[in-house]
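Below are the chains, spelled out letter by letter.
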Amino acid sequence: MALQCGIVGLPNVGKSTLFNCLSNAKAQAANFPFCTIEPNVGVITVPDERLNKLAELVHPQKIVPTTVEIVDIAGLVKGASKGEGLGNKFLANIRETDAVLHVLRCFDDDNVTHVDGSVNPVRDKEIIDAELQLKDLETIESRISRVEKQAKTGGDKSAKLAFEVYAKIREALLKGESARTVTFETKDETKAARELFLLTAKPVLYVCNVDEASAVNGNKYVDEIREAVKNENAEILVVAAKIESEIAEFENYDERELFLSEIGLGESGVNRLIKAAYKLLNLQTFLTAGPQEVRAWTFEKGWKAPQCAGVIHTDFEKGFIRAEVIKYADYLSYGSEAAVKEAGKMNVEGKDYLVQDGDIMHFRFNV
(Lines give C-alpha, C1' and ligand atoms only; values in the text may rest on other atoms or scores of the structure.)
Protein backbone atom coordinates (compact mmCIF):
# COMPACT_ATOMS: atom_id res chain seq x y z
CA MET A 1 0.00 0.00 0.00
CA ALA A 2 1.95 2.99 -1.28
CA LEU A 3 0.15 5.66 0.74
CA GLN A 4 1.95 8.97 1.05
CA CYS A 5 2.30 11.77 3.58
CA GLY A 6 3.53 15.08 2.18
CA ILE A 7 5.74 17.38 4.29
CA VAL A 8 4.72 21.00 3.66
CA GLY A 9 5.67 24.37 5.12
CA LEU A 10 7.09 27.79 4.39
CA PRO A 11 10.81 28.10 3.57
CA ASN A 12 13.25 27.84 6.51
CA VAL A 13 10.88 26.18 8.99
CA GLY A 14 12.95 22.99 9.26
CA LYS A 15 11.14 20.96 6.63
CA SER A 16 14.25 19.64 4.89
CA THR A 17 16.01 18.97 8.20
CA LEU A 18 13.06 16.88 9.27
CA PHE A 19 12.96 14.99 5.98
CA ASN A 20 16.70 14.30 6.26
CA CYS A 21 16.12 12.94 9.77
CA LEU A 22 13.45 10.66 8.39
CA SER A 23 15.82 9.54 5.65
CA ASN A 24 18.09 8.29 8.44
CA ALA A 25 15.19 6.43 10.04
CA LYS A 26 17.14 3.19 9.63
CA ALA A 27 19.20 4.40 12.60
CA GLN A 28 16.00 4.60 14.66
CA ALA A 29 14.71 1.17 13.61
CA ALA A 30 17.72 -1.14 13.98
CA ASN A 31 18.73 -2.55 10.59
CA PHE A 32 15.49 -1.78 8.77
CA PRO A 33 16.13 -0.21 5.36
CA PHE A 34 15.45 3.22 3.96
CA CYS A 35 15.39 3.72 0.22
CA THR A 36 14.83 6.72 -2.02
CA ILE A 37 12.41 6.45 -4.95
CA GLU A 38 13.13 9.99 -6.14
CA PRO A 39 15.26 12.72 -4.56
CA ASN A 40 12.29 13.97 -2.55
CA VAL A 41 10.41 10.73 -1.80
CA GLY A 42 11.42 8.28 0.91
CA VAL A 43 10.05 4.87 1.86
CA ILE A 44 10.39 4.85 5.63
CA THR A 45 9.99 1.90 7.96
CA VAL A 46 7.35 2.16 10.69
CA PRO A 47 8.92 1.40 14.10
CA ASP A 48 7.08 -1.51 15.74
CA GLU A 49 8.47 -3.00 18.94
CA ARG A 50 6.17 -6.03 18.55
CA LEU A 51 8.29 -7.37 15.68
CA ASN A 52 11.40 -7.65 17.84
CA LYS A 53 9.44 -9.25 20.69
CA LEU A 54 8.01 -11.90 18.35
CA ALA A 55 11.42 -12.47 16.77
CA GLU A 56 12.85 -13.29 20.22
CA LEU A 57 10.31 -16.14 20.44
CA VAL A 58 10.22 -17.34 16.82
CA HIS A 59 13.90 -16.83 15.79
CA PRO A 60 13.06 -16.07 12.14
CA GLN A 61 15.58 -15.71 9.32
CA LYS A 62 14.52 -12.08 8.90
CA ILE A 63 12.29 -9.30 10.22
CA VAL A 64 10.25 -7.29 7.72
CA PRO A 65 8.61 -4.07 8.99
CA THR A 66 5.88 -2.18 7.20
CA THR A 67 6.49 1.18 5.52
CA VAL A 68 5.01 4.56 4.70
CA GLU A 69 6.07 6.99 1.97
CA ILE A 70 7.10 10.53 2.94
CA VAL A 71 7.31 13.25 0.27
CA ASP A 72 9.34 16.43 0.79
CA ILE A 73 7.25 19.02 -1.06
CA ALA A 74 8.79 22.27 -2.35
CA GLY A 75 8.38 25.29 -0.03
CA LEU A 76 5.31 27.46 -0.56
CA VAL A 77 5.06 31.25 -0.85
CA LYS A 78 2.11 33.65 -0.87
CA GLY A 79 0.29 33.51 -4.18
CA ALA A 80 0.88 29.78 -4.73
CA SER A 81 -2.80 29.31 -5.58
CA LYS A 82 -2.23 31.61 -8.55
CA GLY A 83 1.01 29.92 -9.56
CA GLU A 84 3.48 32.19 -7.74
CA GLY A 85 6.91 30.66 -7.05
CA LEU A 86 6.63 26.90 -7.36
CA GLY A 87 2.93 27.19 -6.51
CA ASN A 88 1.48 24.97 -9.23
CA LYS A 89 4.00 22.21 -8.58
CA PHE A 90 3.51 22.56 -4.82
CA LEU A 91 -0.27 22.25 -5.06
CA ALA A 92 -0.09 19.35 -7.54
CA ASN A 93 2.27 17.47 -5.22
CA ILE A 94 -0.06 17.96 -2.25
CA ARG A 95 -3.02 16.72 -4.29
CA GLU A 96 -1.18 13.46 -4.96
CA THR A 97 -0.60 12.73 -1.25
CA ASP A 98 -3.03 11.08 1.16
CA ALA A 99 -2.23 13.19 4.24
CA VAL A 100 -0.27 16.32 5.14
CA LEU A 101 2.53 16.87 7.65
CA HIS A 102 2.55 20.65 8.10
CA VAL A 103 5.84 21.81 9.62
CA LEU A 104 5.68 25.04 11.61
CA ARG A 105 8.64 27.01 12.94
CA CYS A 106 8.25 27.25 16.72
CA PHE A 107 11.77 28.32 17.65
CA ASP A 108 13.77 31.55 17.80
CA ASP A 109 17.15 31.65 16.06
CA ASP A 110 18.71 34.86 14.69
CA ASN A 111 20.92 32.73 12.40
CA VAL A 112 17.93 31.27 10.55
CA THR A 113 16.11 33.88 8.48
CA HIS A 114 12.34 33.77 8.48
CA VAL A 115 10.74 34.39 5.11
CA ASP A 116 8.33 36.93 6.69
CA GLY A 117 10.85 38.52 9.05
CA SER A 118 9.56 37.20 12.39
CA VAL A 119 8.58 33.95 14.11
CA ASN A 120 4.80 33.56 14.11
CA PRO A 121 3.65 29.96 13.50
CA VAL A 122 -0.07 30.83 13.55
CA ARG A 123 0.47 33.37 10.76
CA ASP A 124 2.60 30.84 8.84
CA LYS A 125 -0.13 28.23 9.16
CA GLU A 126 -2.74 30.71 7.95
CA ILE A 127 -0.64 31.59 4.87
CA ILE A 128 -0.57 27.98 3.71
CA ASP A 129 -4.19 27.38 4.74
CA ALA A 130 -5.29 30.42 2.71
CA GLU A 131 -3.48 29.26 -0.44
CA LEU A 132 -4.96 25.75 -0.19
CA GLN A 133 -8.41 27.11 0.58
CA LEU A 134 -8.30 29.45 -2.44
CA LYS A 135 -7.39 26.53 -4.70
CA ASP A 136 -10.21 24.44 -3.21
CA LEU A 137 -12.61 27.33 -3.71
CA GLU A 138 -11.73 27.33 -7.41
CA THR A 139 -12.56 23.62 -7.54
CA ILE A 140 -15.86 24.08 -5.68
CA GLU A 141 -17.02 27.02 -7.81
CA SER A 142 -16.32 25.00 -10.95
CA ARG A 143 -18.27 22.00 -9.64
CA ILE A 144 -21.19 24.13 -8.46
CA SER A 145 -21.55 25.76 -11.87
CA ARG A 146 -21.90 22.28 -13.40
CA VAL A 147 -24.69 20.99 -11.14
CA GLU A 148 -26.56 24.09 -9.92
CA LYS A 149 -29.10 24.24 -12.74
CA GLN A 150 -29.90 20.51 -12.55
CA ALA A 151 -30.16 20.67 -8.78
CA LYS A 152 -32.59 23.60 -8.74
CA THR A 153 -34.79 22.87 -11.74
CA GLY A 154 -34.53 19.17 -12.53
CA GLY A 155 -35.43 16.03 -10.66
CA ASP A 156 -31.87 14.74 -10.50
CA LYS A 157 -31.43 13.65 -6.87
CA SER A 158 -27.69 13.08 -7.20
CA ALA A 159 -27.22 16.62 -8.59
CA LYS A 160 -29.26 18.04 -5.70
CA LEU A 161 -27.18 16.13 -3.14
CA ALA A 162 -23.92 17.20 -4.80
CA PHE A 163 -25.02 20.83 -4.91
CA GLU A 164 -25.89 20.81 -1.20
CA VAL A 165 -22.52 19.24 -0.33
CA TYR A 166 -20.59 21.69 -2.50
CA ALA A 167 -22.49 24.67 -1.08
CA LYS A 168 -21.75 23.57 2.48
CA ILE A 169 -18.03 23.27 1.73
CA ARG A 170 -18.01 26.61 -0.13
CA GLU A 171 -19.55 28.32 2.90
CA ALA A 172 -16.74 26.99 5.12
CA LEU A 173 -14.02 27.99 2.64
CA LEU A 174 -15.41 31.51 2.33
CA LYS A 175 -15.13 31.81 6.12
CA GLY A 176 -11.45 30.83 5.92
CA GLU A 177 -12.10 27.34 7.26
CA SER A 178 -10.71 24.14 5.75
CA ALA A 179 -12.90 21.50 4.14
CA ARG A 180 -11.99 18.94 6.82
CA THR A 181 -13.91 21.04 9.39
CA VAL A 182 -17.20 20.33 7.55
CA THR A 183 -19.27 17.41 8.85
CA PHE A 184 -21.88 15.47 6.88
CA GLU A 185 -24.89 13.52 8.07
CA THR A 186 -25.06 10.69 5.52
CA LYS A 187 -22.63 8.32 3.79
CA ASP A 188 -23.73 9.64 0.38
CA GLU A 189 -22.82 13.21 1.38
CA THR A 190 -19.47 12.06 2.73
CA LYS A 191 -18.81 10.15 -0.49
CA ALA A 192 -19.68 13.19 -2.66
CA ALA A 193 -17.29 15.35 -0.63
CA ARG A 194 -14.48 12.78 -0.78
CA GLU A 195 -14.74 12.53 -4.56
CA LEU A 196 -13.71 16.21 -4.81
CA PHE A 197 -10.18 15.35 -3.61
CA LEU A 198 -9.88 18.76 -1.98
CA LEU A 199 -6.52 19.88 -0.63
CA THR A 200 -7.93 21.09 2.70
CA ALA A 201 -9.95 17.91 3.21
CA LYS A 202 -6.82 15.82 3.70
CA PRO A 203 -5.99 14.77 7.28
CA VAL A 204 -3.24 16.96 8.71
CA LEU A 205 -0.63 16.65 11.43
CA TYR A 206 0.89 19.94 12.57
CA VAL A 207 4.57 19.32 13.36
CA CYS A 208 5.83 22.03 15.70
CA ASN A 209 9.59 22.32 15.16
CA VAL A 210 11.04 23.55 18.46
CA ASP A 211 14.45 24.11 20.07
CA GLU A 212 16.08 21.57 22.41
CA ALA A 213 14.77 23.24 25.58
CA SER A 214 11.19 22.85 24.32
CA ALA A 215 11.50 19.27 23.00
CA VAL A 216 9.54 17.72 25.87
CA ASN A 217 6.88 20.24 26.91
CA GLY A 218 6.72 22.61 23.93
CA ASN A 219 6.67 26.40 24.32
CA LYS A 220 4.49 29.49 23.84
CA TYR A 221 4.48 29.02 20.06
CA VAL A 222 3.19 25.45 20.42
CA ASP A 223 0.48 26.66 22.82
CA GLU A 224 -0.58 29.24 20.21
CA ILE A 225 -0.88 26.52 17.56
CA ARG A 226 -2.88 24.27 19.89
CA GLU A 227 -5.36 27.10 20.41
CA ALA A 228 -5.49 27.92 16.69
CA VAL A 229 -6.30 24.35 15.57
CA LYS A 230 -8.57 23.22 18.43
CA ASN A 231 -11.65 23.10 16.16
CA GLU A 232 -9.88 21.70 13.13
CA ASN A 233 -9.97 17.93 13.64
CA ALA A 234 -6.17 17.85 13.36
CA GLU A 235 -3.29 16.44 15.41
CA ILE A 236 -0.18 18.17 16.82
CA LEU A 237 3.29 16.72 17.36
CA VAL A 238 6.25 18.51 18.97
CA VAL A 239 9.65 17.70 17.42
CA ALA A 240 13.10 19.30 17.77
CA ALA A 241 14.39 18.66 14.25
CA LYS A 242 17.91 19.97 14.93
CA ILE A 243 18.33 17.61 17.90
CA GLU A 244 16.78 14.76 15.91
CA SER A 245 19.44 15.26 13.24
CA GLU A 246 22.10 14.86 15.94
CA ILE A 247 20.43 11.72 17.29
CA ALA A 248 20.37 10.25 13.80
CA GLU A 249 24.19 10.51 13.67
CA PHE A 250 24.62 8.02 16.52
CA GLU A 251 25.33 4.52 15.20
CA ASN A 252 25.07 2.93 18.63
CA TYR A 253 21.53 2.25 19.91
CA ASP A 254 22.53 2.65 23.58
CA GLU A 255 24.09 6.06 22.85
CA ARG A 256 20.86 7.22 21.22
CA GLU A 257 18.83 6.01 24.19
CA LEU A 258 21.16 7.79 26.63
CA PHE A 259 20.95 11.02 24.61
CA LEU A 260 17.13 10.85 24.54
CA SER A 261 17.02 10.14 28.27
CA GLU A 262 19.25 13.12 29.03
CA ILE A 263 16.87 15.53 27.27
CA GLY A 264 13.80 13.87 28.83
CA LEU A 265 12.42 11.98 25.83
CA GLY A 266 11.32 8.35 26.02
CA GLU A 267 11.30 7.95 22.25
CA SER A 268 12.81 9.90 19.37
CA GLY A 269 10.65 12.49 17.65
CA VAL A 270 11.30 10.78 14.31
CA ASN A 271 9.82 7.52 15.59
CA ARG A 272 6.84 9.37 17.03
CA LEU A 273 6.38 11.24 13.75
CA ILE A 274 6.45 8.09 11.61
CA LYS A 275 3.93 6.39 13.90
CA ALA A 276 1.71 9.48 13.88
CA ALA A 277 1.87 9.66 10.06
CA TYR A 278 0.87 5.99 9.86
CA LYS A 279 -2.07 6.61 12.17
CA LEU A 280 -3.00 9.78 10.24
CA LEU A 281 -3.46 7.63 7.13
CA ASN A 282 -5.94 5.47 9.09
CA LEU A 283 -3.56 2.53 8.83
CA GLN A 284 -3.05 -0.42 11.16
CA THR A 285 -0.82 -3.48 11.18
CA PHE A 286 -1.41 -7.21 11.31
CA LEU A 287 1.47 -9.59 11.79
CA THR A 288 2.66 -12.97 10.52
CA ALA A 289 5.20 -15.03 12.41
CA GLY A 290 7.13 -18.08 11.25
CA PRO A 291 10.65 -19.51 10.92
CA GLN A 292 11.26 -17.72 7.62
CA GLU A 293 10.16 -14.25 8.73
CA VAL A 294 8.32 -12.15 11.26
CA ARG A 295 6.51 -9.53 9.22
CA ALA A 296 4.23 -6.51 9.58
CA TRP A 297 1.50 -5.94 6.99
CA THR A 298 -0.37 -2.68 6.45
CA PHE A 299 -4.16 -2.52 6.21
CA GLU A 300 -6.80 0.17 6.54
CA LYS A 301 -8.68 0.30 9.82
CA GLY A 302 -12.06 -1.41 9.38
CA TRP A 303 -10.94 -4.03 6.84
CA LYS A 304 -12.23 -7.57 7.11
CA ALA A 305 -10.17 -10.77 7.01
CA PRO A 306 -10.41 -11.44 3.22
CA GLN A 307 -9.24 -7.89 2.39
CA CYS A 308 -6.26 -8.31 4.71
CA ALA A 309 -5.50 -11.69 3.15
CA GLY A 310 -5.35 -9.89 -0.20
CA VAL A 311 -2.56 -7.66 1.14
CA ILE A 312 -0.31 -10.73 1.19
CA HIS A 313 -1.50 -12.08 -2.17
CA THR A 314 -4.59 -11.56 -4.31
CA ASP A 315 -5.11 -15.35 -4.43
CA PHE A 316 -5.48 -15.36 -0.64
CA GLU A 317 -8.48 -13.04 -0.95
CA LYS A 318 -10.05 -14.79 -3.95
CA GLY A 319 -9.90 -18.21 -2.35
CA PHE A 320 -10.35 -17.16 1.29
CA ILE A 321 -11.64 -19.96 3.52
CA ARG A 322 -10.86 -18.80 7.05
CA ALA A 323 -8.35 -16.93 9.20
CA GLU A 324 -6.58 -18.35 12.23
CA VAL A 325 -6.03 -15.45 14.63
CA ILE A 326 -3.79 -15.16 17.67
CA LYS A 327 -3.82 -12.02 19.77
CA TYR A 328 -0.35 -10.53 20.21
CA ALA A 329 -0.61 -10.50 24.03
CA ASP A 330 -1.53 -14.21 24.02
CA TYR A 331 1.42 -15.10 21.77
CA LEU A 332 3.79 -13.33 24.17
CA SER A 333 2.13 -14.87 27.21
CA TYR A 334 2.29 -18.49 25.97
CA GLY A 335 5.54 -18.18 24.06
CA SER A 336 4.73 -20.10 20.88
CA GLU A 337 1.99 -20.80 18.37
CA ALA A 338 1.75 -24.42 19.55
CA ALA A 339 1.29 -23.36 23.17
CA VAL A 340 -1.40 -20.85 22.18
CA LYS A 341 -3.30 -23.56 20.29
CA GLU A 342 -3.00 -25.96 23.21
CA ALA A 343 -4.44 -23.33 25.54
CA GLY A 344 -7.39 -22.83 23.19
CA LYS A 345 -6.47 -19.19 22.57
CA MET A 346 -6.31 -19.32 18.78
CA ASN A 347 -9.57 -18.19 17.17
CA VAL A 348 -10.87 -19.37 13.80
CA GLU A 349 -12.60 -16.46 12.03
CA GLY A 350 -14.67 -16.14 8.85
CA LYS A 351 -15.20 -13.56 6.13
CA ASP A 352 -16.86 -11.00 8.41
CA TYR A 353 -14.06 -10.81 10.96
CA LEU A 354 -12.80 -7.24 11.47
CA VAL A 355 -9.04 -7.49 11.76
CA GLN A 356 -7.54 -5.70 14.76
CA ASP A 357 -4.21 -3.93 15.04
CA GLY A 358 -1.55 -6.41 16.18
CA ASP A 359 -3.49 -9.58 15.24
CA ILE A 360 -1.17 -12.43 14.28
CA MET A 361 -2.82 -13.98 11.24
CA HIS A 362 -2.62 -17.24 9.31
CA PHE A 363 -4.92 -17.45 6.27
CA ARG A 364 -6.39 -20.63 4.84
CA PHE A 365 -7.36 -20.38 1.18
CA ASN A 366 -8.12 -22.48 -1.88
CA VAL A 367 -7.75 -21.33 -5.50
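So, here's what we can say about the structure. (Residues numbered from 1 in each chain as written. Predicted model: local features only at pLDDT ≥ 70, side-chain atom pairs only at ≥ 80, totals over all residues. Heavy atoms only, no water.)

### A look at the layout of surface pockets
Part 1 of the argument: Here the largest pocket is characterised by a volume of approximately 1,100 Å³.
Part 2 of the argument: Contributing to the lining of the largest pocket are 31 residues, with Asp98, Ala201, Lys202, Pro203 and Leu280 lying nearest its centre.
Part 3 of the argument: Those elements giving two or more residues to the lining of the largest pocket turn out to be α6 (187-194), β7 (204-209), β8 (235-239) and α10 (269-280).
Part 4 of the argument: In the lining of the largest pocket, the residues fall into 18 nonpolar, 4 polar and 9 charged. (1 Å grid on protein atoms, 1.4 Å probe; cavity = no way out; pocket = protein on both sides within 12 Å on 5 of 7 lines; lining within 4 Å. Points joined across faces, edges and corners; volume = space filled by probe spheres on them. Helix = DSSP H or I, 4+ residues; strand = E, 2+ residues; numbered from the N terminus. Nonpolar A, V, L, I, M, F, W, Y, C, P; charged D, E, K, R; others polar.)

### Here's the deal with the packing of aromatic side chains
Part 1 of the argument: Inspection of the entire model under this criterion finds 5 aromatic pairs.
Part 2 of the argument: Here the aromatic cluster, defined as three or more aromatic residues joined through ring pairs, consists of Phe286, Trp297, Phe299, Phe320 and Phe363.
Part 3 of the argument: Between Arg295 and the ring centre of Trp297, over which it is positioned, the NZ or CZ distance is 4.1 Å. (Phe/Tyr/Trp six-rings, centres within 6.5 Å; stacked < 30°, edge-to-face > 60°. Lys NZ or Arg CZ within 6 Å of the ring centre and 35° of its normal.)

### Some remarks on the pairing of strand β1 (residues 4-8)
Part 1 of the argument: The buried count for β1 comes to 5 of 5 residues, which makes it a mostly enclosed element.
Part 2 of the argument: Residues Gln4, Gly6 and Val8 point to one face of β1 and Cys5 and Ile7 to the other, with burial holding for every one of them.
Part 3 of the argument: As defined by bridge partners, β1 adjoins strand β5 (residues 67-72) across 4 bridges and the pair is classed as parallel. Residue Ile7 lies in a different strand from β5, and its bridge partner there is Asp72.
Part 4 of the argument: With 4 bridges connecting them, β1 and strand β6 (residues 99-105) associate as parallel partners. Residue pairing in the sheet places Cys5 in a bridge with Ala99 of β6. (Buried < 20%, exposed > 50% of the residue type's maximum accessible area, 1.4 Å probe, protein only. Pairing = 2+ DSSP bridges.)

### Brief notes about unusual backbone geometry
Part 1 of the argument: A positive phi angle, close to 50°, is found at Phe197, a residue other than glycine.
Part 2 of the argument: Position of Phe197 among the secondary structure elements: in the loop between α6 and β7.
Part 3 of the argument: One non-glycine residue with positive phi stands out, namely Asn282, at about 65°.
Part 4 of the argument: Relative to the helices and strands, Asn282 resides in the loop between α10 and β9 (283-289).

### A few points about the environment of Glu244
Part 1 of the argument: With respect to the helices, strands and loops of the structure, Glu244 is situated in helix α8 (residues 241-247).
Part 2 of the argument: Spatially, the C-alpha atom of Glu244 lies 9.2 Å from that of Leu22, the residues being 222 residues apart in sequence.
Part 3 of the argument: Polar contacts involving the side chain of Glu244 include one to the main-chain amide nitrogen of Gly269, which spans 2.7 Å. (Polar contact = N/O pair within 3.5 Å; in protein donor to acceptor, adjacent residues only side chain to side chain.)

### Quick look at the packing of helix α5 (residues 157-174) against α6
Part 1 of the argument: Interaxial distance between α5 and α6 falls to 9 Å at its minimum, and their mutual angle equals 65°. One way to sum up the angle between α5 and α6 is to call them roughly perpendicular. In the packing of α5 onto α6, the handedness of the crossing is right-handed. Between α5, through Leu161, Val165, Tyr166 and Ile169, and α6, the contact on the second element is made entirely by Asp188, Glu189, Ala192 and Ala193.
Part 2 of the argument: Among the residues making up the contact of α5 with α6, the classes are represented as 6 nonpolar, no polar and 2 charged. (Axes fitted to C-alpha atoms, helices over the stretch in contact; angles between N-to-C directions. Parallel < 35°, antiparallel > 145°, perpendicular 65-115°, else oblique. Left-handed = near helix turned anticlockwise from the far one by under 90°. Contact = heavy atoms within 4.5 Å.)

### Observations regarding the side chain of Asp129
Part 1 of the argument: With respect to the helices, strands and loops of the structure, Asp129 is situated in helix α4 (residues 121-153).
Part 2 of the argument: At a separation of 2.3 Å, a polar atom in the side chain of Asp129 contacts the side chain of Lys125.
Part 3 of the argument: Setting aside residues no more than four positions away along its own chain, Asp129 makes contact with Tyr206 and Glu232.

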